[in-house]
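The primary structure of each chain is shown beneath.
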Amino acid sequence: MLKGIYTILLLIGSNIFMTFAWYGHLKLQQMNVSTNWPLYGIILFSWGIALAEYSLQVPANRIGFVENGGPYTLMQLKVMQEVITLIIFTLFTKVFFAGEALHWNHFAAFICLLLAVYFVFMK
């Protein structure tokens, strides 16, 4: 039970860092912080954040994987990670990019992902 909870918490933390690594530089550009940075500077900045992401993602998968004594199959880990990514990304977008709107088709996609979680955990 604890391995499952640790796995989920590590995946949440990992996805927070991942979202900032992939999209945070866009907010910095909007704020005129990184407007004059060369592309390699943005890449190095994002890699620095991604290092923290990998430092959480790898242990999450090792702890949670059934063959390492965890409760989740590889497919379950991946589908959970995708749903967590979408939730974190949606929150990130609403907080940092307030101009982005959610539409009906986004909610339909969310429902499809939740159904994917249901089906991947179904015995």
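In every chain, residue numbers begin from 1 and rise along the written sequence. Totals for whole chains, interfaces and linings use every residue, but because this is a predicted model, local features are given only for residues with pLDDT of at least 70 and side-chain atom pairs only at 80 or more, for both listing and counting. Water and hydrogen atoms were dropped before computing side-chain values, which therefore reflect all heavy atoms in the structure.

## Things to note about the packing of aromatic side chains
The relation between two aromatic rings is expressed through the spacing of the ring centres and the mutual angle of the planes. Heads up, the rule is: Between 30 and 60 degrees the pair is tilted, below 30 it is stacked and above 60 it is edge-to-face, where a pair is any two Phe, Tyr or Trp rings, Trp via its six-membered ring, whose centres lie within 6.5 Å. Helix and strand definitions follow DSSP, with helices as H or I runs of at least four residues and strands as E runs of at least two, each counted in order from the N terminus. When accessible area is computed with a 1.4 Å probe and restricted to protein chains, residues below 20% of their type maximum are described as buried, those above 50% as exposed, and intermediate ones as partly exposed.
Under the defined criterion, the tally for this structure stands at 10 aromatic pairs. Centre to centre, the rings of phenylalanine 20 and phenylalanine 96 are 5.4 Å apart; their planes meet at 75 degrees, and the pair counts as edge-to-face. One end of the pair, phenylalanine 20, is in helix H1 (residues 2-30); the other, phenylalanine 96, is in helix H3 (residues 74-96), with 76 residues separating them in the sequence. With a relative accessible area of 32%, phenylalanine 20 lands in the partly exposed category. Relative to phenylalanine 121, the ring of tyrosine 72 has its centre 6.0 Å away and its plane inclined at 90 degrees; by these criteria the two rings are edge-to-face. A residue pair is termed long-range when its members are at least 10 positions apart, and tyrosine 72 in the loop between helix H2 (39-64) and H3 and phenylalanine 121 in helix H4 (residues 104-121) qualify at 49 residues. For phenylalanine 121, a relative accessible area of 29% translates into the label partly exposed. One aromatic cluster is present, built from ring pairs that chain together Phe20, Phe92, Phe96 and Phe97.

## A few points about the environment of histidine 103
Structurally, histidine 103 is set in the loop between H3 and H4. Histidine 103 sits in the partly exposed class, given a relative accessible area of 43%.

## Some words on the nonpolar core
This is how the line gets drawn: Throughout this description, the term nonpolar core refers to a set of buried Ala, Val, Leu, Ile, Met, Phe, Trp, Tyr and Cys residues connected via side-chain atoms within 4.5 Å.
Grouped together as the largest cluster of nonpolar side chains are 8 residues: Leu10, Leu11, Ala60, Tyr72, Leu77, Met80, Ile84 and Ile88. Secondary structure elements with two or more residues in this core: H1 and H3. Among the elements that take part in this core, H3 stands out by supplying 4 residues, more than any other.

## Thoughts on the layout of surface pockets
To keep it simple, the criterion reads: Using a grid of 1 Å spacing that covers the protein atoms alone, one calls a set of points a cavity when a 1.4 Å probe fits there but cannot get out, and a pocket when the set is open and has protein on both sides within 12 Å along at least five of seven lines; lining residues are those with an atom within 4 Å of a point. Grid points are joined across faces, edges and corners, and a volume is the space filled by probe spheres set on the points. Three classes are used: nonpolar for Ala, Val, Leu, Ile, Met, Phe, Trp, Tyr, Cys and Pro, charged for Asp, Glu, Lys and Arg, and polar for all others, with Gly counted as polar.
For the largest pocket, the calculated volume is near 160 Å³. Taken together, Leu86, Phe89, Thr90, Thr93, Lys94, Glu100, Ala101, Leu102, His106 and Phe110 make up the lining of the largest pocket. Going through the elements one at a time, H3 and H4 are the ones with two or more residues in the lining of the largest pocket. In terms of residue count, H3 provides more of the lining of the largest pocket than any other element does, 5 residues in total. Taken together, the residues that form the lining of the largest pocket break down as 5 nonpolar, 3 polar and 2 charged.

Shape is all these values report; function is a separate question.
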